[in-house]
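Here is how the chains run, residue by residue.
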Amino acid sequence: MPDTIPDHEYDVFISYARADGRAVADLLYTELTQRGYEVWHDKRDVAPGQDFSGDIEHALERAEHMIVCLTPAVAEHEDSFVLREIMYAQGRKKPISVLVFPSFPRDHTPPAISHLEWVDFTDFDGGLAQLLARLDSETYVASAIYDPFRDYLNDLYKQLVAFLENDLYRQLVEFLDTTVFSFVEMHVNSTVTEVDDTTTFDTFADAVSHFGGRMLLFGQAGSGKTITLTAYAREAVTRRLADPSQPLPIMVPVHTWDPLEQPRIADWLEDVIGHEGIAAAIASGKALLMLDALDELGSDREDPNTEEHFDPRVRFIDALRRCAPQNQMLIASRIETNPRIVDAIPVNGIITLRALDENKLQAYLRDFPAMWSVLQEDKTLRSLVRTPVFLALFTFTYAGMDDKVRYLRSLRDDPQKLRMAIFEDYIQRTYESRAVPGSDMPYALRDLREELKIAAAYMYMQTWRIYAPMPASGLQDNQITQTILHPNLIAFAEDLDLLERDSQNGVTFISSILRDTFAHEKLLLYLQSDEPELRFGAARGLGLLGQRGAVEPLLAALSREQNQQILYAIRASLEALKPDYSLFISYRRRDWPVTFLIEETLREKIDASIFLDREIDEADFETSIQKHLRASSVFLLVITERTFEPGRIHLERDWVRREIREAMAHDKPIILVFVDGITMPDDEYLPRDIRSIVTRQGFPIYPNSFEQDIVKLADFITTISPINRKKRRSM
């Protein structure tokens, strides 16, 4: 972004406190517009900690002059928008006029503008006359606050705002603004900080404060982790610009850390950011480290020198633990992280961004009735859009295209094809939105799609590229005889908001979901290639990608492959992808007899493996339970009078509660089995994090109708999952 913009869209930007400044801001707006000024002021009713958009900064960027209205609420609320607007305007070298209104305590003027000359608005008409005289002559005056990191902070602020300018992200942040963060009912899962098991947080900032600035943020792919961290980083930058005693904000993707070299965290961050003094700030415990996408480090690497396999996350966490404990630390990761890894991270608490429920989906799609109608009827499509990123992408792509939305229903039986169709339509919509009538695009749409798929597959065939950005200079490799991304195409894809630069001037896909969807399709094609290098890379890449849809193609390749090295790669991937259990049964140990009977009878009715903890095949009980639950297709809860005993279900580490919570976090279909007439307690008697269990479908099981009841249960299981009924054997 340039430091100045010659042609400003607005003459004036009005900054005011929403609590008591709306009336004066509206009056100023009227007076100035009547005199021919182009004026902008924010009319949204959104709290600062719940603002995920870059609208304010975008408007300030396009304004020539800023007006700050000092009313009592500005002094009372240090986290107001006013402070953020002041700091961004100063970073962009905007002239600022300070208007002081009656009852404002003048000894509480924000330090960032205390050196500026005021305009007294005790008399509105007189103040307005002074303001009008200044508007054409006011010049930028630098802040009197000294901070050796001011240039770095201003640059970071610009980067954060630029991130929110991506078309897809803008769609997402508008959604987060609309729902005012309520879409994620945040819940606690902490073994470090003592909290009540019903604790919830209205905002991310509240959770950070509660856990002393050291917290792990979990979420599924597309749940909004990076957006959440980015919005918080912007507020942290504002606080630091206004007060140099605040922690120094540092936001970096974890994949830029080299697990082979294993540099100190302080040295790594200073090298990535390129600002002398970063390492010293971290060494002295005066930093706020915001480290995104821990999972992108991967779980298995090979040291080329020793051929040793290691978990890079373990090495990274060891390096984190050697940092000064006074530093604040926020780490974002996908929810699938190994429990042993999680326990080693030096944080005080964990919160999880949850998937969207039916009410949030319906509220967001109120202006898209055709979309909502299709989603109601199609559970496969509905499950795809329950994460904010995918929902934003879906609505951006199909707004006004009802026929295409209805067409998607024909793909309901193949989630991979459905996902691919949505992404291809998204790219087409983006491509067409940038096309200029009468001029040629530098690349055809078909070529663009193909090259992006090749790049995504390449990242999995050359495993280290999954965890590192593509160089902006283009992708080349001598081992794989395949055309890789050209720098001109990279620049074009960036312009279309399909690829984006990272802090090391590398290039990544805007979404890991997009990358993985494209990689899956291309890897399946490469698995059938005549070139051994491509087949080997594809076989290994499909195992790393971890999508079960690759099992059958890998089995087919296994039957025809002659190359021993490729056969080894295929077998390794099949081992990683092997189906575990399709039905997970949760129960109290004292209810084993009836649970065993239910399990044995269900085995006769459905074509599925069933997991009970008696079948654990690993030394670590907790790891086994979580692995099998996450791999299951259906979660079945056997309910007796013991299931929700208050003395057990309210314990944070109660196994039944944890299994229910895990199933909800992973959006598993949940079925309740009520034994012998037992009923579900009212939700108010359950822990808050599992209360929605009361809304799930339930089936009663009685001794005198046991067989018939299990038949009904089996039929329902087959309607909500890929599990089928067993075929009867012919006599």
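What counts and how
- Residues numbered from 1 in each chain as written.
- Predicted model: local features only at pLDDT ≥ 70, side-chain atom pairs only at ≥ 80, totals over all residues.
- Heavy atoms only, no water.
- Helix = DSSP H or I, 4+ residues; strand = E, 2+ residues; numbered from the N terminus.
- Buried < 20%, exposed > 50% of the residue type's maximum accessible area, 1.4 Å probe, protein only.
- Areas by Shrake-Rupley, 256 points an atom, 1.4 Å probe, with all protein chains shown as cover.
- Contact = heavy atoms within 4.5 Å.
- Phe/Tyr/Trp six-rings, centres within 6.5 Å; stacked < 30°, edge-to-face > 60°.
- Pairing = 2+ DSSP bridges.
- Axes fitted to C-alpha atoms, helices over the stretch in contact; angles between N-to-C directions.
- Parallel < 35°, antiparallel > 145°, perpendicular 65-115°, else oblique.
- Left-handed = near helix turned anticlockwise from the far one by under 90°.
- Nonpolar A, V, L, I, M, F, W, Y, C, P; charged D, E, K, R; others polar.
- Salt bridge = Lys/Arg side-chain N within 4 Å of Asp/Glu carboxyl O.
- Core = buried A, V, L, I, M, F, W, Y, C linked by side-chain atoms within 4.5 Å.
- pLDDT = per-residue confidence, 0-100.
- Expected span 1.5 Å × (residues − 1).

Asks: Help me understand the overall build of the protein chain, please; the structure alone is not making it clear to me.
Replies: Along the protein chain, the regular secondary structure elements total 30 helices and 24 strands. Looking at the 731 residues of the protein chain, the share that counts as buried comes to 56%. Element-wise, carbon and sulfur atoms account for 47% of the exposed surface of the protein chain, whose accessible area totals about 32200 Å².

Asks: Explanation requested: the environment of A569 in the structure shown.
Replies: Within the secondary structure, A569 is located in helix 25 (residues 564-577). Apart from residues lying up to four places away in sequence, A569 is in contact with F536, A539 and R540.

Asks: Before we go on, may I ask you to explain the side chain of T230 in this structure?
Replies: Summarising the element assignment, T230 is placed in helix 9 (residues 225-242). Sequence-distant contacts of T230, that is, excluding residues within four places in its chain, are made with L160, F163, L164 and M251.

Asks: Hey, could you run me through the packing of aromatic side chains in this one?
Replies: What describes a pair of aromatic rings is the distance from one ring centre to the other and the angle between the planes of the rings. Using the criterion set out here, one finds 18 aromatic pairs in the structure. Aromatic pair F149 and Y152: ring centres 6.5 Å apart, planes at 75°, arrangement edge-to-face. Y152 shares its class with F149; the two are buried. The interplanar angle of 45° and the centroid separation of 6.0 Å between the aromatic rings of Y587 and W592 together place this pair among those described as tilted. According to the relative accessible area criterion, W592 is partly exposed, its value standing at 28%.

Asks: Looking at this structure, I do not really get the sheet that holds strand 18 (residues 583-586). What am I missing?
Replies: Sheet strands line up and pair through hydrogen bonds in the backbone, either parallel or antiparallel. If you walk across this open sheet you meet the five strands as 20-18-21-22-23, and the pairing is parallel. Every other strand in the sheet has two partners, leaving strand 20 (610-611) and strand 23 (698-701) as the edge strands with one partner each. Looking at chain direction, strand 22 (residues 670-675) and strand 23 are connected through four bridges and run parallel. Bridge assignment links V673 to a residue of strand 23, and that residue is F699. In the packing of helix 29 (residues 655-665) onto the sheet, the strands contacted are strand 18, strand 21 (634-639) and strand 22, and the crossing angle to strand 21 comes to about 150°. Against the sheet, helix 30 (residues 706-720) contacts strand 18, strand 21, strand 22 and strand 23, and its axis sits at roughly 160° relative to strand 23.

Asks: Would you take a moment to explain the sheet that holds strand 14 (residues 349-353) for this structure?
Replies: Reading across from one edge, 9-10-13-8-14 is the order of the five strands in this open sheet, with parallel pairing throughout. This sheet does not close on itself; its edge strands, each paired only once, are strand 9 (248-253) and strand 14. Adjacent strand axes in the sheet meet at a mean angle of 15°, parallel and antiparallel pairs treated alike. Two elements, strand 8 (residues 214-219) and strand 13 (residues 328-334), share six bridges in a ladder whose sense is parallel.

Asks: Any chance you could explain the packing of helix 17 (residues 388-398) against helix 19 (residues 415-434) here in plain terms?
Replies: Between two packed helices, both the angle of their axes relative to each other and the distance between the axes serve to describe the pair. Across the interface, helix 17 lies against helix 19 with an axial gap of 9 Å and an inter-helix angle of 55°. One element, helix 17, and the other, helix 19, form an angle in the oblique class. As helix 17 packs across helix 19, the resulting crossing turns out to be left-handed. When helix 17 is examined against helix 19, the residues F390, L393, F394, F396, T397 and Y398 are found in contact with a partner set consisting of R419, A421, I422, F423, D425, Y426, R429 and T430. Here the contact of helix 17 with helix 19 is built from residues that sort into nine nonpolar, two polar and three charged.

Asks: Would you mind going over the pattern of salt bridges with me for this structure?
Replies: Where charged atoms of side chains with opposite charge meet at close range, the side chains can pair. Taken as a whole and assessed by the stated rule, the structure comprises 36 salt bridges. Among the ionic pairs, E85 bridges to R18, the shortest N-O distance being 3.7 Å. Taken together, the residues E85 in helix 4 (residues 81-91) and R18 in the loop between strand 1 (10-15) and helix 1 (22-34) connect sequence positions 67 residues apart. Take E85 and R18: they sit in the same class, and that class is buried. Measuring nitrogen to oxygen at the nearest pair gives 2.4 Å for the salt bridge that ties D715 to R725. Of the two residues, D715 is situated in helix 30 and R725 in strand 24 (residues 724-725); the sequence distance between them amounts to 10 residues. It is possible to trace a salt-bridge network through shared partners that takes in E57, R84, R234 and E235.

Asks: What should I look at first to understand unusual backbone geometry in this one?
Replies: Glycine aside, a negative phi is what most residues show, and trans is what most peptide bonds show. Positive phi is not limited to glycine here, since S103 has a value of about 75°. Mapped onto the secondary structure, S103 falls in the loop between strand 4 (96-100) and strand 5 (118-120). The class of S103 is exposed, set by a relative accessible area of 65%. A positive phi angle, close to 55°, is found at D676, a residue other than glycine. Here D676 is to be found in the loop between strand 22 and strand 23. Judged by its relative accessible area of 52%, D676 falls in the exposed class.

Asks: In this structure, what is going on with the nonpolar core? I would like to understand it.
Replies: Generally speaking, a soluble globular protein has its nonpolar side chains buried in company with each other. With 90 residues, the main nonpolar core has I250, I265 and F316 as its most contacted residues. Each residue touching I250, except ones within four places of it in the same chain, is listed here: Y152, L269, I273, I278, I282, A287, L288, L289 and M290. Judged by nonpolar contacts, the second largest core, of 69 residues, contains A421, M461, L489 and V551.

Asks: How should the confidence of the model for the protein chain be read in this particular structure?
Replies: It should be kept in mind that the predicted coordinates are not to be read in detail where pLDDT is low. Confidence in the prediction of the protein chain, expressed as mean pLDDT, is 82, and 85% of residues score 70 or more. A low-confidence stretch, residues 179-198 stays under pLDDT 50, and its non-local contacts, those more than four residues away or across chains, total 61 contacts. Per-residue pLDDT stays below 50 along residues 615-619; that stretch engages in 12 contacts with residues further than four places along the chain or on separate chains.

Asks: Please clarify how helix 6 (residues 150-163) should be interpreted in this entry.
Replies: Residues that lie three or four places apart on an α-helix share one face, since the helix turns once every 3.6 residues. Here helix 6 contains 14 residues, and its C-alpha end-to-end distance of 20 Å stays within 8% of the 20 Å for a straight helix at 1.5 Å per residue. Taken across its 14 residues, helix 6 has 10 buried, putting it largely inside the fold. Among all positions of helix 6, only R150, Y152, L153, N154, L156, Y157, K158, L160, V161 and F163 are buried.

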